Amino acid sequence: MKKPVFLSLTLLALGGPPPASAQIQAAQTTAQPAWTHATLQAATYVVLAPALEGNPATLSADQQKSVLSAMGRDLQGAVLRRYPKARFVTDAGTPGVITLRPVLTVPGSLLPWNSFQARVELGQNGGNTVVKDTFGVLEIYQHQADAANYLFDRLVSRLP
């Protein structure tokens, strides 16, 4: 038993292909669900806690709270606008549920030439997909209170 493990590690270290059993395991852990418009339309979703990354300190505590609240609410609205038959639950343990995690990366400073990056991480049965886009500070500022709707409508429109 020790020889195959040693041989596998040696092949990997030398840049050789991993043994077939390792290739199968890698394919199983990275397999993506077959998401089509029809499956997403009929799916059940749960929105996980939104997150701010990057430099959220450029936003005041009140702004952070407001943005996080809007991210969860407006992502759900964007999905319902795209897939009107979708259902939402609050329990991530619901069988077959697709998890949605909204994430906003805040730039180092809110200067006009900087950008936010928004993404939605979709997950189901160990398969994950990320939909993301970049939005300029001025672009977000122009949408004011409707900014999260704008972001997530654009992101969700990229789904099948």
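Up top is the structure these notes are about.
Since the structure is predicted, the reported quantities are computational estimates derived from the model, not experimental observations.

Throughout the structure, instances matching the rule amount to 1 cavity of 30 Å³ or more. Reported here for the largest cavity is a volume of approximately 60 Å³. Considering the residues around the largest cavity, the lining is formed by Tyr45, Leu75, Val79, Tyr83, Leu100, Val120, Leu122, Val131, Leu155, Val156 and Leu159. Listing elements by their share of the lining of the largest cavity, those giving two or more residues are helix H4 (61–82), strand E5 (115–124) and helix H6 (147–156).

A few words now on the packing of aromatic side chains. Within the structure shown, the criterion is met by 2 aromatic pairs. Seen in terms of ring centroids, phenylalanine 135 and tyrosine 150 are 5.9 Å apart; in terms of plane orientation they differ by 70°. Their pairing is edge-to-face. One end of the pair, phenylalanine 135, is in strand E6 (residues 127–136); the other, tyrosine 150, is in helix H6, and 15 residues separate them in sequence. Overall, phenylalanine 135 belongs to the buried group, its relative accessible area being 0%. Residue classification places tyrosine 150 among the partly exposed positions, given a relative accessible area of 22%.

With that settled, the discussion passes to the pairing of E6. Where E5 lies against E6, 10 bridges are found, and the strand directions are antiparallel. Counterpart to glycine 123 in the pairing with E6 is asparagine 128. Counted along the chain from E5 to the antiparallel partner E6, the turn is 2 residues long, and its residue asparagine 125 has a positive phi close to 50°.

Okay, the layout of surface pockets next. In this structure, the largest pocket spans a volume of roughly 590 Å³. Leu59, Val67, Ile140, Gln144 and Ala147 are, among the 19 residues lining the largest pocket, the residues nearest its centre. For the lining of the largest pocket, the elements supplying multiple residues, two or more each, are H4, helix H5 (137–143) and H6. Looking at which element gives the most residues to the lining of the largest pocket, the answer is H4, with 7 residues.

Let us look at the packing of H4 against H6. Across the interface, H4 lies against H6 with an axial gap of 8 Å and an inter-helix angle of 45°. In this view, H4 runs oblique relative to H6, as classed from their interaxial angle. Considering only the axes of H4 and H6, their crossing is right-handed. In contact with Ala70, Met71, Asp74, Leu75, Ala78, Val79, Arg81 and Arg82 of H4, H6 contributes Ala148, Asn149, Phe152, Asp153 and Val156. Split into classes, the residues belonging to the contact of H4 with H6 amount to 8 nonpolar, 1 polar and 4 charged.

A separate point is the environment of leucine 59. Note that leucine 59 resides in the loop between strand E2 (51–54) and H4. A residue is classified by how much of its surface remains accessible, and leucine 59, at 11% relative accessible area, is buried. Spatially, the C-alpha atom of leucine 59 lies 9.3 Å from that of serine 109, the residues being 50 residues apart in sequence.

Attention shifts here to H4. Over its 22 residues, H4 runs 32 Å from end to end, which matches the ideal 32 Å to within 8%, given 1.5 Å per residue. Listed as buried for H4 are Ala70, Met71, Gly72, Asp74, Leu75, Gly77, Ala78 and Val79. The elements touched by buried residues of H4 are strand E1 (44–47), E2, strand E3 (87–88), strand E4 (98–106), E5 and H6.

This model, assessed by the stated rule, comprises 8 salt bridges. Between glutamate 121 and arginine 101 there is a salt bridge, and its shortest N-O distance comes to 3.0 Å. Here the residue glutamate 121 occupies a position in strand E5, and arginine 101 occupies one in strand E4, the gap between them amounting to 20 residues. Classification of arginine 101 by relative accessible area gives partly exposed; the value is 26%. When the shortest N-O distance is used, the salt bridge between arginine 158 and aspartate 133 registers 2.8 Å.

Thresholds applied
- Residues numbered from 1 in each chain as written.
- Predicted model: local features only at pLDDT ≥ 70, side-chain atom pairs only at ≥ 80, totals over all residues.
- Heavy atoms only, no water.
- 1 Å grid on protein atoms, 1.4 Å probe; cavity = no way out; pocket = protein on both sides within 12 Å on 5 of 7 lines; lining within 4 Å.
- Points joined across faces, edges and corners; volume = space filled by probe spheres on them.
- Helix = DSSP H or I, 4+ residues; strand = E, 2+ residues; numbered from the N terminus.
- Phe/Tyr/Trp six-rings, centres within 6.5 Å; stacked < 30°, edge-to-face > 60°.
- Buried < 20%, exposed > 50% of the residue type's maximum accessible area, 1.4 Å probe, protein only.
- Pairing = 2+ DSSP bridges.
- Axes fitted to C-alpha atoms, helices over the stretch in contact; angles between N-to-C directions.
- Parallel < 35°, antiparallel > 145°, perpendicular 65-115°, else oblique.
- Left-handed = near helix turned anticlockwise from the far one by under 90°.
- Contact = heavy atoms within 4.5 Å.
- Nonpolar A, V, L, I, M, F, W, Y, C, P; charged D, E, K, R; others polar.
- Expected span 1.5 Å × (residues − 1).
- Salt bridge = Lys/Arg side-chain N within 4 Å of Asp/Glu carboxyl O.

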